[in-house]
Amino acid sequence: MKIKSLETFTTPFVGFVRVTAEDGMQGWGQVSPYNADITCQVFHRQVARWALGADADDIAFLADSIPEREHKFPGSYLMRALCGLDTALWDLRGKRAGKSVCELLGGKPRPFPVYASSMKRGEITPKDEAARFVRLRDEHGYTAFKFRVGKECGHDEDEWPGRTDEIVPLIRKTLGPDARLLVDANSAYTPKKGIEIGRFLEDHGICHFEEPCPYWEYHWTKEVAEALNLDVTGGEQDCDLALWRFAIEMRAVDVVQPDVCYLGGIHRTLKVVDMAKAAGLPVTPHSANQSLVTVFTLHMMGAIENAGPYVEFSIEGDDYYPWDSGLYEPALAARDGKVQIPDGPGWGVEINRDWLDKAAYQVSSL
């Protein structure tokens, strides 16, 4: 069945894609969040034109061939746009088969463990962070939590002097010895400082040290990983499969963290999953907001063999992400520390029509 039209509905933060096949069946996907309006321009200019008239069921061909056709533009925006096509076609395939994407991938929809992921650093004190973790634990049953250390791309600086030294032992003391604690440094440290901080984290039972060094300095991250016993993790920013192969082969990290939307969709992310599986590495993707990226991630994690123990689940509300609520129904919700993988056909969610009516619209068609 050929692709007849590709539509986008976008704001500066979120862009949805609707694919329509020649028999009238439709599927919904999403380009990567952030500058989504720019990404949707790239989508119509460099993705849609290669997809129109193509077989809607041949996702692999389109996801592999479009980057080749656009080989002069191998960067992030093309992959962020390609994700919109890939994910819309997976939804269409699921709806045509009457199965969830998770089932199409060989999994089973079920409640999947999540960790409560804080996006705040300078906007919250350690005391307030600890207090909201306790509240969310009691309300939603979380047993794993991630918070921020260092300063984003910080050149060994802290967000403010003493913040990391304060927040790490405070969170551990507040949540107790049984909580699984993860931290994200967002490219904060050189190897020497990263190892120093990592040993401090180990002393307080932190199990996951994300992106300790600038993410493009793979050898720096490898140096930190080799020096520490806790898991050093990363990869969310990488959209180039050759770089993924390089990072995995050199074992720069202990846990790989692709972002489905940054990487170009499910098909390309599964290639990273397979690379990681061959290397004996688990996959705990980056899904740091509650747009469809978390829906995509839940479906995939419910099916892959080397899934990590949990999915990232943002705990930020409208004060931090005023754009990621009310996008679709049913909304994802954590209960007993788990989120249900949607079990309806395709992604198992419906895009909010009121949101669509307010979004900028563009169509490419045969």
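As a reminder, the structure under discussion sits directly above these lines.
This report concerns the structure included in the present document. Predicted model only: the values in this text are computed from it and were never measured. (Residues numbered from 1 in each chain as written. Predicted model: local features only at pLDDT ≥ 70, side-chain atom pairs only at ≥ 80, totals over all residues. Heavy atoms only, no water.)

## Considering the environment of Leu89
So, step 1. For Leu89, the location among the structural elements is in helix H3 (residues 76-97).
So, step 2. In sequence terms Leu89 and Val17 are 72 residues apart; their C-alpha atoms lie 9.7 Å from each other.
So, step 3. Discounting chain neighbours no more than four positions away, the residues touching Leu89 are Ile3, Val19, Ala56, Ile59 and Leu62. (Helix = DSSP H or I, 4+ residues; strand = E, 2+ residues; numbered from the N terminus. Contact = heavy atoms within 4.5 Å.)

## Considerations on the sheet that holds strand S15 (residues 360-365)
So, step 1. Strand order in the open sheet formed by four strands is S3-S2-S1-S15, and the pairing between neighbours is antiparallel. Each edge of the open sheet is held by one strand with a lone partner, namely strand S3 (26-30) and S15. For this sheet, the mean inter-axis angle between neighbouring strands, taken without regard to orientation, is 20°.
So, step 2. In the sheet, strand S2 (residues 15-21) pairs with S3 via five bridges, with the strands oriented antiparallel. Opposite Val17, over in S3, you have Gly29 as the bridge partner.
So, step 3. Running over the sheet, helix H1 (residues 36-51) touches strand S1 (3-10), S2 and S15 and is turned about 175° from S1. (Pairing = 2+ DSSP bridges. Axes fitted to C-alpha atoms, helices over the stretch in contact; angles between N-to-C directions.)

## Structural notes on the pattern of salt bridges
So, step 1. The tally for this structure, following the rule as stated, stands at 19 salt bridges.
So, step 2. Across the pair Glu210 and Lys146 runs a salt bridge, and its minimum N-O distance is 2.8 Å. With a gap of 64 residues between them, Glu210 in strand S7 (residues 206-210) and Lys146 in strand S5 (residues 144-148) connect regions that are remote in the sequence.
So, step 3. Judged by relative accessible area, which is 1%, Glu210 ranks as buried.
So, step 4. Note that Lys151 and Glu157 form a salt bridge whose closest N and O atoms lie 3.3 Å from each other.
So, step 5. A single network of salt bridges, built from pairs that share partners, joins Lys120, Glu129, Arg132, Glu316 and Asp319. (Salt bridge = Lys/Arg side-chain N within 4 Å of Asp/Glu carboxyl O. Buried < 20%, exposed > 50% of the residue type's maximum accessible area, 1.4 Å probe, protein only.)

## Things to note about the pairing of strand S8 (residues 231-234)
So, step 1. Where S7 and S8 come together, three bridges link them in parallel fashion. Residue pairing for S8: Glu210 is matched across the bridge by Thr233.
So, step 2. Note that S8 and strand S9 (residues 255-256) share two bridges and pair parallel. Paired with Thr233 across the bridge in S9 is Val255.
So, step 3. In this region the chain leaves S8, passes through helix H9 (residues 241-249) and returns to the parallel neighbour S9; the handedness of that crossover is right-handed. (Right-handed = clockwise from strand over helix to strand, strands pointing away.)

## Observations concerning H9
So, step 1. Leu241, Trp244, Ala247 and Ile248 are the residues of H9 that are buried. Projected down its long axis, H9 shows its buried positions confined to an angular sector of 120°, all on one face.
So, step 2. Taking the backbone nitrogen of Ala242 as reference, a side-chain oxygen 2.8 Å away marks Asp240 as the first, capping residue of H9.
So, step 3. Positioned one or two residues after H9, Arg251 has a phi angle of 55°, which is positive. (Arc of directions from axis to C-beta. Polar contact = N/O pair within 3.5 Å; in protein donor to acceptor, adjacent residues only side chain to side chain.)

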